[in-house]
Amino acid sequence: MSVEERLGELGFTLPDAPGALAMYRPALQSGPYVFVSGQVAMRDGAIVHPGVVGAQQTVETAREAAQVATLNALAAVKALRGSLEGLRVVRLTGYVAATPDFGEHPQVVNAASELLRDAFGEEHGIGTRLALGVSSLPLQSPVELELVLEVLDE
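In this text the structure is predicted, and so the values were computed from the model without any measurement.

Quick notes on the environment of Gln107
Stage number 1. Within the secondary structure, Gln107 sits in helix 3 (residues 105–120).
Stage number 2. Considered as a pair, Gln107 and Ala62 are 45 residues apart in the sequence and their alpha carbons are 9.3 Å apart.
Stage number 3. Ignoring anything within four residues of it in the chain, the contact list for Gln107 reads Val59 and Arg63.

Some thoughts on a nonpolar patch on the surface
Stage number 1. Taken together, the side chains of Leu21, Tyr24 and Leu139 define a hydrophobic patch exposed on the protein surface, amounting to about 280 Å² of accessible area.
Stage number 2. Turning to its location among the elements, Tyr24 is positioned in the loop between helix 1 (3–9) and strand 1 (27–30).

Points about the nonpolar core
Stage number 1. In terms of nonpolar packing, the biggest core is built from 41 residues, with Leu7, Val36, Leu74, Phe120 and Leu147 touching the most fellow members.
Stage number 2. Of the residues forming this core, the biggest block, 11 residues, is contributed by helix 2 (residues 59–81).
Stage number 3. Sequence-distant contacts of Phe120, defined by excluding residues within four places in its chain, comprise Val3, Arg6, Leu74, Leu84, Leu87, Val89 and Gly125.

Observations concerning the pairing of strand 1
Stage number 1. Looking at chain direction, strand 1 and strand 2 (residues 33–40) are connected through four bridges and run antiparallel. Looking across to strand 2, one finds that Ser30 is bridged to Tyr33.
Stage number 2. Counted along the chain from strand 1 to the antiparallel partner strand 2, the turn is two residues long, and its residue Gly31 has a positive phi close to 60°.

Considering the pattern of salt bridges
Stage number 1. Evaluated as defined, the whole model comprises five salt bridges.
Stage number 2. For Lys78, the salt bridge is made with Glu4, and the minimal N-O distance between the two is 2.9 Å. You can see Lys78 sitting in helix 2 and its partner Glu4 sitting in helix 1, a full 74 residues away along the chain.
Stage number 3. Overall, Lys78 belongs to the partly exposed group, its relative accessible area being 30%.
Stage number 4. Judged by relative accessible area, Glu4 falls into the partly exposed class, the value being 34%.
Stage number 5. Note that Glu64 and Arg43 form a salt bridge whose closest N and O atoms lie 3.3 Å from each other. Taken as a pair, Glu64 in helix 2 and Arg43 in strand 3 (residues 42–43) lie far apart in primary sequence, 21 residues in all.
Stage number 6. For Arg43, a relative accessible area of 42% puts it in the partly exposed group.

Thresholds, definitions, all that
- Residues numbered from 1 in each chain as written.
- Predicted model: local features only at pLDDT ≥ 70, side-chain atom pairs only at ≥ 80, totals over all residues.
- Heavy atoms only, no water.
- Helix = DSSP H or I, 4+ residues; strand = E, 2+ residues; numbered from the N terminus.
- Contact = heavy atoms within 4.5 Å.
- Patch = residues over 30% accessible without salt bridge, like charges linked within 9 Å, V, L, I, M, F, W, Y side chains within 5 Å.
- Areas by Shrake-Rupley, 256 points an atom, 1.4 Å probe, with all protein chains shown as cover.
- Salt bridge = Lys/Arg side-chain N within 4 Å of Asp/Glu carboxyl O.
- Core = buried A, V, L, I, M, F, W, Y, C linked by side-chain atoms within 4.5 Å.
- Buried < 20%, exposed > 50% of the residue type's maximum accessible area, 1.4 Å probe, protein only.
- Pairing = 2+ DSSP bridges.

Okay, here's the thing in C-alpha cells:
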C-alpha cells in the first residue's frame, strides 16, 4: 500500500503543494536528502486555528494544526519528487507558538510524528525530533514544521 493510500485510510488527503510565502523553496533535494522548509498550518489559504497555544488555542487544536502542517510538508515533497514512496523520515522539527508557561510542546508535535509513523510505517516514519516553543510564528500559525527525509530508492 502506498503512503498516499495509507493517508487516505487515516482520513487525510494531500493538499495542493504550498507555495513559498517568502524567498525560499518549499522543498529541495540535496544528494540523498530532501529538506522541507518550514510549513505552517494553512488549509485553503487560511491558517487553521490561528493564535498562541495556551492562550487562544488548546493542545487539541494545535495537534490538528500540526497534522495540517505535516500534510503541507508532504505535499511539498510530492511536488518535488512526484511521489512519497522510497523515503524515510530523518528529522522532524516542530515549533509551537505558545505562552511562556506552556509545557506540552511534545504532545502537540506528537500529532505530526504519529501521522508520519502511520503514513510511512514504524521503520521509515519515525526519525529524530525537536519540539520547542516560540513566542510567535508566521501568519499567526500555532505550529510550524520542517522535515528532513532520506531517499532510499536511488
